[in-house]
Amino acid sequence: LELETVRPEIIVTPHPVLDRHDDHKFTTIALFEALFKRDQECTIYLYTNHAVGNEEFPLGPRNGMMGLPAWAKGDDDMLHLTGLYSHPLTTEEQNQKLVALESMHDLRPFDLRDGSPPVEIPPLYDYFRRAGRPNEVFFVTTVDGAERIYEDFLAIYEENIRDSNC
């Protein structure tokens with residue numbers, strides 16, 4: 001219903017094949033299913049928070065530009081992209097993003113609410129190093145591309161289910 005009311009021209013969501021967190025994958029899959037019921041084309045910007053096989057993504061210092069996550073499947077056709085988009089962030093926007101992330105208590109190395117001691121977070125996994133970059137990178141696709149990504153995702157998911165039952 002919200003999609004019909006708002007009728008967005010651009011939608012930003014995690015890439016269900018490139019992000020390894022199930023809640024991110026299935027949120028996008030549910031969004032795709034809702035999009036398929038509409039009769040409106042839109043541009044879809046896909047990103048990854050938790051790159052498959054590389055939780056350290058993006059590499060490099062926090063002030064370094066964001067690049068693309070590694071994709072080792074060997075089948076670029078599976079990404080179904082129409083392009084890439086690098087969105088620049090001002091210093092103020094980077095700081096606002098860090099403040100928003102800091103409010104997520106599970107990302108902190110300590111929790112002020114319970115007085116727990118700080119937990120050592122390896123620098124490569126530190127969300128505050130990984131986020132707040134000078135740019136954000138998106139894979140760009142259409143609703144048609146989303147349909148192909150959806151089909152590929154379901155095939156991978158069903159294969160993983162079969163493999164886990166063996």
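To be clear, the structure that these remarks concern was listed above.
All of the points below concern the structure found in this document. (Residues numbered from 1 in each chain as written. Predicted model: local features only at pLDDT ≥ 70, side-chain atom pairs only at ≥ 80, totals over all residues. Heavy atoms only, no water.)

For the protein chain, the count of helices and strands is 5 helices and 4 strands. When the elements of the protein chain are put in sequence order from the N terminus, they spell out α-β-α-β-β-α-α-β-α. Burial status across the protein chain gives 39% buried among its 166 residues. Across the protein chain, contacts joining residues at least 24 apart in sequence account for 81% of those joining residues at least 6 apart. For the protein chain, the computed accessible surface area is about 10200 Å², with 55% contributed by carbon and sulfur atoms. (Helix = DSSP H or I, 4+ residues; strand = E, 2+ residues; numbered from the N terminus. Buried < 20%, exposed > 50% of the residue type's maximum accessible area, 1.4 Å probe, protein only. Contact = heavy atoms within 4.5 Å. Areas by Shrake-Rupley, 256 points an atom, 1.4 Å probe, with all protein chains shown as cover.)

Grouped together as the largest cluster of nonpolar side chains are 18 residues, with contacts concentrated most on Ile-11, Phe-32, Leu-35, Cys-42, Ile-44 and Leu-46. Among the secondary structure elements, those contributing two or more residues to this core are helix 2 (22–36), strand 2 (43–47) and helix 5 (143–164). Apart from residues no more than four positions distant in its own chain, Cys-42 is found in contact with Pro-8, Glu-9, Ile-11, Leu-35, Thr-141, Thr-142 and Val-143. (Core = buried A, V, L, I, M, F, W, Y, C linked by side-chain atoms within 4.5 Å.)

Tracing the sequence through the fold places Thr-28 in helix 2. Since its relative accessible area comes to 0%, Thr-28 is described here as buried. Ignoring anything within four residues of it in the chain, the contact list for Thr-28 reads Thr-13, Pro-14 and Pro-16.

Following both chains from N to C, one finds helix 2 and helix 5 inclined at 135 degrees, their axes separated by 10 Å at the closest point. By the criterion of interaxial angle, the relationship of helix 2 to helix 5 is oblique. Like other packed secondary-structure pairs, helix 2 and helix 5 cross with a definite hand, here left-handed. Contacts between helix 2 and helix 5 pair Lys-25, Phe-26, Ile-29, Phe-32, Glu-33 and Phe-36 from the former with Val-143, Ala-146, Glu-147, Ile-149, Tyr-150, Phe-153 and Tyr-157 from the latter. Here the contact of helix 2 with helix 5 is built from residues that sort into 10 nonpolar, no polar and 3 charged. (Axes fitted to C-alpha atoms, helices over the stretch in contact; angles between N-to-C directions. Parallel < 35°, antiparallel > 145°, perpendicular 65-115°, else oblique. Left-handed = near helix turned anticlockwise from the far one by under 90°. Nonpolar A, V, L, I, M, F, W, Y, C, P; charged D, E, K, R; others polar.)

Turning next to the sheet that holds strand 4 (residues 135–141). In space, the 4 strands of this open sheet follow the order 1-2-4-3, with mixed pairing throughout. Single-partner strands in this sheet number two, and they are strand 1 (10–14) and strand 3 (83–88). Shown here is a sheet whose adjacent strand axes are inclined to one another by a mean of 35 degrees, direction ignored. Across 3 bridges, strand 2 lies against strand 4 in antiparallel orientation. When the bridges of strand 4 are listed, Ile-44 appears paired with Thr-141. Lying over the sheet, helix 2 contacts strand 1 and strand 2, oriented at roughly 150 degrees with respect to strand 1. (Pairing = 2+ DSSP bridges.)

So, about a nonpolar patch on the surface. On the surface, a nonpolar cluster with roughly 250 Å² of combined accessible area is contributed by Phe-26, Tyr-157 and Ile-161. Its place among the elements puts Phe-26 in helix 2. On the accessibility criterion, Phe-26 (33% relative accessible area) is partly exposed. (Patch = residues over 30% accessible without salt bridge, like charges linked within 9 Å, V, L, I, M, F, W, Y side chains within 5 Å. Salt bridge = Lys/Arg side-chain N within 4 Å of Asp/Glu carboxyl O.)

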